[in-house]
Amino acid sequence: QRDKDDVVAQFVQGVAHFYDGEFEPAIAAMKHVEPHAPHEGRVYIYQAMAHFWLGHQKEAENLVTRAREANPHDPDVYYCHSQIHRRHDIDAAIESLERYIALSASPGALQFKKKTKRVRKELESLKKGEIPPDWDRPGYRPPGQTIESLSDPFQLPDPPVFFGAIAALIAGLFLGWW
C-alpha cells in the first residue's frame, strides 16, 4: 500500500508514468505534488509535456509558463517551452533553445553534453525553418530504428534525465525551496 501523502513518491511515480507514455496518470500524480512544490518547475514541466503529447496545446502552454515562473533558471523549462511552441511560434522556440544553451553553460549548471549537442542541432534546424524530430517524446525512435537494430540498447538518442529530476526534487525538499 502506497502512502498517498508521500510527495516524493508521488513525484517519482509521476515521472515514471510520463516516461512510460502514460500521460494521464503522470498529470494526476504531478497535480497531487503541485500544492506541496509550487516553486518546483519540473512539476509543471511534466504536466505541460504530458498535455502537449496528448494534444492539449493550451494546457501545455499555460503549464510551461507556470514552470518558467516557478524556476526561470532551469534549462529544461526552456527546452520544453521550445517543444511546445515550435510548430506555431518558431521565433519563441529559437529564443527558448538559446536560453537553454546559455543556462546549461552557466557556472554551476549541471552539464548534459549529449543533450546540449542535440539541442544545438535542433536550434540549427529551427533557424532554417525546419521542425526537428520529437526526440523527447516517450517511446520515440528515429524512423527505421528499433532497439534490436542498435548495437548497444543503452545508446538511445537521449535517455530520460529521470535521476536528475529526482535529484532536483530531493534537493528542493532538503534545501527548503518549497
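Check the entry above for the structure.
None of the values given here were measured: they were computed from a predicted structure. (Residues numbered from 1 in each chain as written. Predicted model: local features only at pLDDT ≥ 70, side-chain atom pairs only at ≥ 80, totals over all residues. Heavy atoms only, no water.)

A. Structural context of the overall build of the protein. Within the protein, the secondary structure is distributed over eight helices and zero strands. Here the protein holds 178 residues, and 44% of them are scored as buried. For the protein, the share of sequence-separated contacts (at least 6 apart) that also reach a separation of at least 24 residues comes to 54%. For the protein, the exposed area adds up to about 9800 Å²; of that, 55% sits on carbon and sulfur atoms. (Helix = DSSP H or I, 4+ residues; strand = E, 2+ residues; numbered from the N terminus. Buried < 20%, exposed > 50% of the residue type's maximum accessible area, 1.4 Å probe, protein only. Contact = heavy atoms within 4.5 Å. Areas by Shrake-Rupley, 256 points an atom, 1.4 Å probe, with all protein chains shown as cover.)

B. Expanded view of the packing of helix α5 (residues 75–85) against helix α6 (residues 90–104). For the pair α5 and α6, interaxial distance at closest approach is 8 Å and the crossing angle is 160 degrees. The orientation of α5 relative to α6 falls into the category roughly antiparallel. The two elements α5 and α6 meet at a crossing, and its hand is left-handed. Where α5 abuts α6, its residues Pro75, Asp76, Tyr78, Tyr79, His81, Ser82 and His85 lie against Ile90, Ala92, Ala93, Ser96, Leu97, Arg99, Tyr100, Leu103 and Ser104. Here the contact of α5 with α6 is built from residues that sort into nine nonpolar, five polar and two charged. (Axes fitted to C-alpha atoms, helices over the stretch in contact; angles between N-to-C directions. Parallel < 35°, antiparallel > 145°, perpendicular 65-115°, else oblique. Left-handed = near helix turned anticlockwise from the far one by under 90°. Nonpolar A, V, L, I, M, F, W, Y, C, P; charged D, E, K, R; others polar.)

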